[in-house]
Every structure is written in structure tokens, then in C-alpha cells.
Amino acid sequence: MQMKLKLTVVAALASFAGFAAAQDVQVVKIGHVAPVSGAQAAYGKDNENGARMAIEDLNAQNIVIGGKKIKWELVAEDDAADPKQGTAAAQKLCDAKVAGVAGHLNSGTTIPASKVYNDCGIPHITPSATNPNLTKPGYKTTFRLLANDNALGAGLAFYAADGLKLKTVAVIDDRTAYGQGVAEVFKNTAKSKGMTVVDEQFTTDKAVDFMAILTAIKAKNPDAVFYGGMDPQAGPMLRQMEQLGLTKQKYFGGDGICTMDLIKQAAGAKTLENVICAEGGASLDKMPSGKAWKAKYDAKYPGQFQVYSPYVYDAVMVLVDAMKRAKSVDPKVYTAEIGKTNYKGVTTTVQFEPNGELKNPAMTLYTYKDGKKIALN
């Protein structure tokens, strides 16, 4: 009887210990937003994959913050690259009490969402929204992990004028916050370098027929065309340029067109080899841990890599690094620590300016040859 009682007590203690251990685990949610539906879904899925990889790696580390073991969970939302859906997704993440957000992908969704995050006190780090207006309101909850359009647009214009000695350019944009922003910077910098803008046209981020625009541009015979927009439009545009005989013109664009998917979208058009595009950040080969990270990514998500997933991965890691240093997962406590970040990430050593911009952002120019994307610098 005494033996039975002992066993019961031992079992009860073991059960209580198990219960206590379970109680010591705290679930912390990290939000992610990108377009996983619509024309830009390839980007969005790539970004979400980066976030999922980060969450998996964090859970493998058995991190303890504030005396509790943390179980990390991803709360992923789709904004379909639509500003209204972007703010709705941001509000949903606020209501879900996420501790921080990696996102959004587009400037047009990130800028309005940034106010929502500011109002509910949740920090967000965008891996890819490059419009300089994002950090202008001065929200203490907004951070950017790569070069903005001022750097990208200007860098492309410098290369066009100084590197290639081009004299004339036609500029097209898709009327989005991103497309207009990068086109404006390119245009103003090109003019300051003595280039002549012979034509300005605009389209939308849903268009697929550019024949009228391109016919008007052909009449002006520019040395180059700059397109401010994304690859679902750039691909068909390159095909239609070939059909119209616009085959000598260089075709410039920001990170929105600088994807692996552009090869598929251009569908064999020879004009793909005229593309010169810019990305914030170093090329994967030159990133501190780029090659090893990419090999791991490809093993998990074969054929899905686009551009930004390593930045999303770093964005999640930077949020958690700040939580560790603050010894708290509460946004009210740890957000201030994000500004003091000095984190050796996959993409770079992450440090922020007081306004949330990345310190010393790198920029890489790319072209396409034999169906491959190749770094020019």
C-alpha cells in the first residue's frame, strides 16, 4: 500500500513538473505579409518561405527570454499587392497580438500599413519596400532592410550616363508608389548627368499590352528605356519591344524587375539581354552567408527563389535579436532595441539609421545572359 502511495505521489509530481514545464513555454507570434495571390505571387511566396525558414531555425535554438522557453509561430497574411488589403492585413496582425512583423513586400502596401503598425505599437521591418517616403513620417516602429529608391534609381542613372555613355532615355512607370518613386529618381538623376528624357509614359501594374506606349517611344528612338514597375509587366514589355524592333535599346529597372522570374516572363525574347537592373544589397555570392543560405533554401523550396527571401529571414532574426537583448518579447519594451541593432545577418551586418533606414546599404547591378541573371559589380 505504501509502495502504491509512493508511486502515486511520484506520478503526481512528474505530472505537475510536466505541467509546470508546459506552462514555462510561451508562444510568440511573428507576422508576415506579402502578395501570395495575384501577378506577384512568386515574390510573395519566396518572401514567406524566408520567414518560415527563420521560424524553423529559431525553434531549433530553444531560445529562452524572460525565463520562458519561446515557441515561435508565423502568422502569414496575403495582401495581394493591394493597399487596402495591406492595411486590412496589418490590422489583422495587430488584433492577433503579433510581437513584430516582417513585411510588407510592396511600397504601395507598406506605406499605409506602417501607420497601422505605429498606431498599435508593433514594429515592422520591410525586406523589400524601397520608396523613400516610407521612413518620412518618422515612426519609431518602421525599419527597412535594404537600399531605398534614392540609391537604386540614382545608381542606375549613373551607370547609364557614366558607364554606358547613353544620351537619351524614355521613362515608363506603373503609377504605383514603388514604380513612380524609382522612375522619378532615375529621371531626375539622369537629367542632372546631362541625359535627355525624350518621352514619359505610364501604365498600370495590371497591364499586359504595351504596344501603344512602345510605338510612341519608338518614334523618339531613345538609347534606353527605363521602366518603374514589376516583372509581370516588364516581361511582356520586353517581348513587345522585340516585336516592334526596339532591340538596340538598353532596358533599365529597379529591383521590381530584377528577378529570376523575369526570364520566364520574357519567354525567350532576345531583349532580355538588354536589361540592366538594380537590387539593394550585395549579390548572393557576396553576402556574408549567401551561398550556404541559398543552398539550404533550395533544398527546402526548390525553384522558388526570387530576390527577397534572405532579407525576410534577416528581418525575422533582427526582431528576435532585439527581444533577446531587451529580455522581453513585449513590443513596448523591445522596439527601442531594434534601433541599436548590430546583427550579423545572411545579407549584411544590420545596423539602422535613427530614421529606420539601413546603414551603409549596398547595391548590385545585374544583367541577363544565356538565360541567367549575372551581377555586373
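About the criteria used
- Residues numbered from 1 in each chain as written.
- Predicted model: local features only at pLDDT ≥ 70, side-chain atom pairs only at ≥ 80, totals over all residues.
- Heavy atoms only, no water.
- UniProt positions renumbered as here; feature names shortened; annotations may be inferred.
- Phe/Tyr/Trp six-rings, centres within 6.5 Å; stacked < 30°, edge-to-face > 60°.
- Helix = DSSP H or I, 4+ residues; strand = E, 2+ residues; numbered from the N terminus.
- Buried < 20%, exposed > 50% of the residue type's maximum accessible area, 1.4 Å probe, protein only.
- Pairing = 2+ DSSP bridges.
- Axes fitted to C-alpha atoms, helices over the stretch in contact; angles between N-to-C directions.
- Disulfide = S-S within 2.5 Å.
- Right-handed = clockwise from strand over helix to strand, strands pointing away.

The name recorded for the chain in an unreviewed UniProt entry is Branched-chain amino acid ABC transporter substrate-binding protein, from Caenimonas aquaedulcis. On record in UniProt, under Sequence similarities (unreviewed entry), the comment for the chain is "Belongs to the leucine-binding protein family."

The next point concerns the packing of aromatic side chains. Enumeration over the complete set of coordinates arrives at eight aromatic pairs. A ring pair is formed by tyrosine 43 and tyrosine 308, whose centres lie 6.2 Å apart and whose planes are at 25°; its orientation type is stacked. In this pair, tyrosine 43 is assigned in helix α2 (residues 41–59) and tyrosine 308 in the loop between α10 (290–300) and α11 (309–326), connecting sequence segments 265 residues apart. The two residues tyrosine 43 and tyrosine 308 agree in class, both being buried. Considering the side-chain rings of tryptophan 293 and tyrosine 313, the 5.7 Å spacing of their centres and the 70° angle between planes classify their relative orientation as edge-to-face. A residue pair is termed long-range when its members are at least 10 positions apart, and tryptophan 293 in helix α10 and tyrosine 313 in helix α11 qualify at 20 residues.

A sheet is described by the order of its strands in space; here seven strands give the open sequence β8-β7-β9-β10-β11-β14-β15, paired in mixed fashion. In this open sheet, the two strands that pair with only one neighbour each are β8 (196–202) and β15 (372–375). Averaged over neighbouring strand pairs, the angle between their axes works out to 25° when direction is ignored. Bridging between strand β11 (residues 275–280) and strand β14 (residues 363–369) involves four bridges; their strand directions are antiparallel. Opposite alanine 278, over in β14, you have leucine 365 as the bridge partner.

Bringing the state of the cysteines into the picture now. Considering all chains together, one arrives at two disulfides under this definition. Residue pairing for cysteine 258: its cysteine sulfur links by disulfide to cysteine 277, the two sulfurs lying 2.1 Å apart. Around the S-S axis, the bridge from cysteine 258 to cysteine 277 shows a dihedral of about 65° and counts as right-handed. Of this pair, cysteine 258 sits in the loop between β10 (250–253) and α9 (261–266) while cysteine 277 sits in strand β11, and the two are 19 residues apart along the sequence. You can call cysteine 277 buried: its relative accessible area is 0%. Here the cysteine-cysteine linkages of the chain are recorded as 1-2, 3-4, numbering only bonded cysteines and doing so in sequence order.

Looking now at unusual backbone geometry. In the segment running from glycine 103 into histidine 104, the intervening peptide bond is cis, with an omega of 0°. Counting through the fold element by element, histidine 104 comes out in the loop between β4 (100–103) and α4 (107–120). Unlike most non-glycine residues, asparagine 62 shows phi in positive territory, near 50°. Looking at where asparagine 62 falls in the secondary structure, it is placed in the loop between α2 and β2 (64–65). The backbone phi angle of alanine 80 is positive, close to 50°, even though this residue is not glycine. Overall, alanine 80 belongs to the partly exposed group, its relative accessible area being 26%.

The next subject is the pairing of β10. Bridge count for strand β9 (residues 224–228) against β10 is four bridges, and the pairing is parallel. When the sheet's bridge partners are listed, tyrosine 227 is paired in β10 with glycine 253. Considered for its hand, the β-α-β crossover made up of β9, helix α8 (residues 231–243) and β10 is right-handed. Looking at chain direction, β10 and β11 are connected through three bridges and run parallel. Bridge pairing links phenylalanine 252 to isoleucine 276 in β11. In this fold, the crossover linking β10 to β11 by way of α9 has right-handed handedness.

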